Each structure stands twice: as C-alpha cells, then as structure tokens.
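Descriptive structure summary
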Amino acid sequence: MKRFVWLLVAAVLLLSGCGNKEEKYTAYCEQGTASLSQQEYEQAMEAFGKAADLLPDRPEAYQGRAEVYLAMAEAAEEGSEEQTSAYASALAEYEAAIQRDSGNAELYQKAIELCRQMGEEDKLLALLQSGAEATGDRTLKEALETERSRQAAAEVLSAMPYYGDISKCRMTADQAVLLGLLIAHGLQGDIEPFSGYSQPVDQVVFWNDPYTVQGYDGYYETDRSLMVLGDFSGEGLPYLYCFSSLADNSFEIYGWDEYGKPVRIIGEEAYNGRQEGYLFETENGKVKMCESGSSGADSHSRSVYTFLQGRVEESESYLEEYSYELGEWKIVENGEVNYYTEEEWANRDVEEPVEEEKTERNLPYRSFEEVVVCACSPSEMIQYLNQYRAALTDGDASQGAYAAEHTEEEYMAKDMYNIMIELDQMGTLSDITAPEMPWGLTLDYARLLDMNGDGMKELILVSQNDTSYTNAFLVQWADGQIQASWLGTGLDAAVSLVREKSSGEYALQMVEYQGPQQHTCTFADRTDSFSLGIGPGDESSQEEYDRLYAAYEANCARYEVIEDILNGDSQVEESLEELRAMMTGGN
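Residues numbered from 1 in each chain as written. Predicted model: local features only at pLDDT ≥ 70, side-chain atom pairs only at ≥ 80, totals over all residues. Heavy atoms only, no water.

On the surface, Leu326, Val337 and Tyr339 cluster together into a nonpolar patch covering about 300 Å² of accessible area. Locating Leu326 in the fold gives a position in the loop between β11 (311-323) and β12 (328-333). (Patch = residues over 30% accessible without salt bridge, like charges linked within 9 Å, V, L, I, M, F, W, Y side chains within 5 Å. Areas by Shrake-Rupley, 256 points an atom, 1.4 Å probe, with all protein chains shown as cover. Salt bridge = Lys/Arg side-chain N within 4 Å of Asp/Glu carboxyl O. Helix = DSSP H or I, 4+ residues; strand = E, 2+ residues; numbered from the N terminus.)

Per the stated rule, a full pass over the model turns up 17 aromatic pairs. Note on Tyr163 and Phe368: the rings are 5.8 Å apart at their centroids and 90° apart in plane angle, and the pair reads as edge-to-face. Of the two residues, Tyr163 is situated in strand β1 (residues 162-163) and Phe368 in helix α11 (residues 368-373); the sequence distance between them amounts to 205 residues. With relative accessibility at 4%, the residue Phe368 sits in the buried group. Ring centres of Tyr278 and Phe280 lie 6.3 Å apart, and the angle between their planes is 55°; this geometry places the pair in the tilted category. Owing to a relative accessible area of 25%, Phe280 belongs among the partly exposed residues under this scheme. Among the aromatic residues, ring-to-ring pairing joins Tyr163, Phe232, Tyr239, Tyr241, Phe243, Phe251, Phe307, Tyr365 and Phe368 into one connected group. One residue, Arg580, lies across the ring of Tyr417, its end atom 5.2 Å from the ring centre. (Phe/Tyr/Trp six-rings, centres within 6.5 Å; stacked < 30°, edge-to-face > 60°. Buried < 20%, exposed > 50% of the residue type's maximum accessible area, 1.4 Å probe, protein only. Lys NZ or Arg CZ within 6 Å of the ring centre and 35° of its normal.)

With 38 residues, the main nonpolar core has Tyr94, Ile112, Leu114, Leu127 and Leu140 as its most contacted residues. Within the residue set of this core, elements represented by two or more residues are α2 (21-37), α3 (41-54), α4 (60-75), α5 (81-100), α6 (105-118), α7 (121-135) and α8 (138-159). Examining the composition of this core, we find that 8 residues originate from one element, α5, more than from any other. Residue contacts for Leu140: discarding those within four places in its chain leaves Ala105, Tyr108, Gln109, Ile112, Leu128, Gly131, Ala132 and Thr135. (Core = buried A, V, L, I, M, F, W, Y, C linked by side-chain atoms within 4.5 Å. Contact = heavy atoms within 4.5 Å.)

Attention shifts here to α2. Taking 1.5 Å of rise per residue, 17 residues should cover 24 Å, and α2 covers 24 Å from first to last C-alpha, within 8% of that figure. Within α2, the full set of buried residues consists of Tyr25, Ala27, Tyr28, Cys29, Gly32, Ala34, Ser35 and Leu36. Taking the backbone nitrogen of Glu22 as reference, a side-chain oxygen 3.2 Å away marks Asn20 as the first, capping residue of α2. Following α2 by one or two positions, Gln39 adopts a phi angle in the positive range, close to 60°. (Expected span 1.5 Å × (residues − 1). Polar contact = N/O pair within 3.5 Å; in protein donor to acceptor, adjacent residues only side chain to side chain.)

Spatial strand order, β1-β4-β5-β6-β7: 5 strands in an open sheet with mixed pairing. Only two strands of the sheet have a single partner each, and these edge strands are β1 and β7 (262-268). In terms of strand pairing, β1 meets strand β4 (residues 226-230) through 2 bridges, oriented parallel. Residue pairing for β4: Tyr162 is matched across the bridge by Leu229. Against the sheet, helix α12 (residues 378-393) engages β4 and β5 (239-243), with an angle of about 35° to β4. (Pairing = 2+ DSSP bridges. Axes fitted to C-alpha atoms, helices over the stretch in contact; angles between N-to-C directions.)

What follows is the structure, given as structure tokens:
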C-alpha cells in the first residue's frame, strides 16, 4: 500500500510540471498500471491515454490499454457483447503496440494468444508469420509451423463427417494413422464382428458388405459401411462411430486404450426388437448412448453410457423385473434396490412425462444428427485420416492406411469360410431354406477342390452328428454369389468324390441303402443336383423298377469313384486355413 501511495505522489509531482516529457510519459504509464491493479479501469484507461497522446510512437501505453481491456473482458459476463467488444479492443491495442515495436516477440505472443482465445484464426496466422519474420524468434517460428499444420488439419476435419469443436481436436498424426489402419483391417475382414445375440462370433466380415446376424427371432443383415468421427466427451479426442446402412440399432464405437491405441469400447445389435441402443446429443454438446432391452413383459432395463477419456462408462441404470418366487416387483435404479408388492406396483404413482421445452442450440458446431446424415464410407474415412496426418506432418496424403478392392476369389473365400463357421458353431446353414434339413449338425469333413477346372474352388462339407445320419453339402461360387446345395440326409449313407469320365469334372455322390431294392443316390456337381429313388413298389412294378435301375446304373457308369470321403482325412482345419489365405490374397 505504501508503494502504491509513493507511486501516486511521484506521478503527481511529475505531472504538475516537474520533469520532462519522457518522465511524464513514464509517470502516466505507472499511474495506469497502479490503477489497473486496483481494478480502477476508467482511471487506468485515462492515464494510458494521456501517455499515448504525449508520446504516440511509444508502445507501452498501447500495451497498457490492451491489458485494461483484457481485465474488463474477464470481469464481464461470459459470452456477452461487452466481453466480445473488450477482447476486440484489447487485440486492436496490442496490434497498435506491435506497430511501434515490431521486434518485440513478447507483444506478438500476447496478441497471438488473444487471437487463439477469440478464434481469430486468419489474424492469428498473419501475426505469427509477421512476428516470426520481424523478430526472428525461434518460438514464434515453431508456433507458425504448428499453426499452419493445425489449420490445414482443421480444414480436413471441416470437410469430413466430424462431430465436435474442431478447434479443440487433439488427435495426433499417429492416432490418425492407427484409426486408418483399424478401418483397413475392418474392410479386409481382420476384425471380428460385434458379438450379437447368437451369431457365429468367429465369422469373417468385410465392413463394406452385408453380413448375417442371428437375432431373437430370425436372421437379419447388417454392415459397417457408414462412419463418423466424433468428440463425444468434449475432451478433444475423437471416437470412431461405425454403423449400419441396413439395420437400425446396429453399430460399434472405437475409443482409446491406455496406450493410445484404438479399441472397440461398446456396440449394439437390434436383436429383432428385444433390445435397442442409440446415441443422443446432450445440451452441453456431448454425446451419450442409451441402451434398453426386454426379456418379456416382466423384465425391462435401461442404461445410459457416458464417454470419458477414450473409454465409456455406465452413468445411469434402471431395471424392473418381476420375481415369481417372491410375488414382488424388484426395481434397481442406479444401484438402489426397492421391492413392491403387486398391489403397490399397480397403485404406484406414475409421473406423466412432461415434454421438455426445447431450447435453442447454441454450439459452434453441427448437431450430431446433422453429422450422421453426412456419414461417409470406410474408404472415404481412411482418405480423410490420411489427409489429416499429412496436414499435421507436412507429408503426403497418398501415403498411409490403404484398403484394396476385394477380388472375386476373396469374396468367395470369405463366404465359404463363414459357412464352415456357421455349420460348426450353429449346427445349420442359413443359406439353405429346406425345412426338412435337420438342426444340430456337426462339421466333420471339408474339402476344397476345383471340380471343373475353371480356377474357382468348390467346397465339400459332410456332417455326421451323434446319430448314424449323414448330411452332405456342396458349396460353390456362381454368378457372383455363393450357392449351397444340400444333397440330403441319409442313414448310414456313403459319400464319395467322383469324376465324370468324359469331361474329367468332379461331382459329389451320396448313396443311401435301405434294402435290397430300395436306395437313393444323389449327385451334385457345380451346375446341378438331382436324386433318383428306387423303391420295391408292388408286384406289378418290377418292370418299371428294372427300367429305373438300368437308368441308374447307366448314370453311375458315367463316373469313377476317386475317394470315399467318410474314410478320408477330415481337412477341416486345412480348409479353413486355405480360405483364410485366399481372403488376404495369399499374404
């Protein structure tokens, strides 16, 4: 306090006529600084103004006025016009000070920091460039390069489907590379699909293409062909939201592990109405996930998940279920358990939902719904991420993650692989709709063979479950899609690989013997399948039987048996490995 009094005394003595112009200028600046420290903004502004009038070519008075405006801005209501005006005036005063002392790196740094705070990106870049050139300051030069990269990266984020405040994005170039590689692996079939209700968890999916999920009451198709990058937590680290173009409530989200690598943190499948999940935007500009489900009329649940630090955590939970053993309803809300008798439950006060008054959205970026509408394909997202990395590193956008287009053989291998997995894990084949085909099958034999020499292999599958019944399948690629033929089921049936003598093409033969004059023989090649049944009939049918049997023997004579499949090697694992290699082009 004594120092402040002596400063005022000295200023009064100088300003009363004692001292020269230089001393008066210094005294005015000191008076302005002292008034500012006491939050006497008008007096401070008046003192700095007199100093500027006295020596208009000196920078200190303009810098002092800038600091007064900054103090006034910080004291004003956040986001008010008064605050915005004060910030703008402070920047103008800093620029005036820089004009009078262009070699002062500290002035540039203060003006640059204010530009960054105000979001004045164009002026920020201009100040960095002029400051680096005028002062030669190393810090300003490095900041200039960083800002150029940041603004180039921001342009990429503006062009892509990105949710959140772009200016706060802190995704690094390395993290962009890792996300691009993750998507490339998804397109190549290297990422297991999100575990659905009961679909084969080991099936191979190409994110761009439809794949089958077994829900509560049947199969449905989904994919991962739409993508959004979003700062769901508001912390500047974006999450990858991959969702389906074919099914609602079918998506998965990738966040970040403790080592800064992308990892799947949550997902959702619709399960045909039994469960649903969706993302929603909150008033403060964050995104959360809501999941609700039901296992019947007496059990319902709901959870809300919050994104935080690259992960996701349950922030709200609700469960209601009826206990037939107790004859009571059990309610668990955010961990708190309550029980109600049937009468209490029926007579409970149920609050009528009140429609919330919609407030005007006042956020400096697009809403989540607007971004989702602009979702891009996985390949497009890889390109954006490569461009982002190149912007931050001044590199080449053509270098980075890459996903090649699949060949026809790779599509064939993927579908055949999944058929084997489905038969092994689910005991059936969804591609075959024959109602008489049994369930609970096993995968006991597999063989890949080019049956007609066209360069595309066919897949032979044989199942022998716990009974003595045999089921044989021929899976082939025709007209750009997979086709599966079921030869039927037979008791103690023989399954053989045969070859047509005239053409050299292979076929599959299954023969079931049911008595001296009663058996069935089924052939299947890559273009057709047919059956010939011969039964005993009555006494008058002997002539007809002889004619049919002769035709059957003539048909069998076209083929020679190459291998008795049921006495051969299983080759299940070998076939899976070969199909895996075919999916990756042999790499």
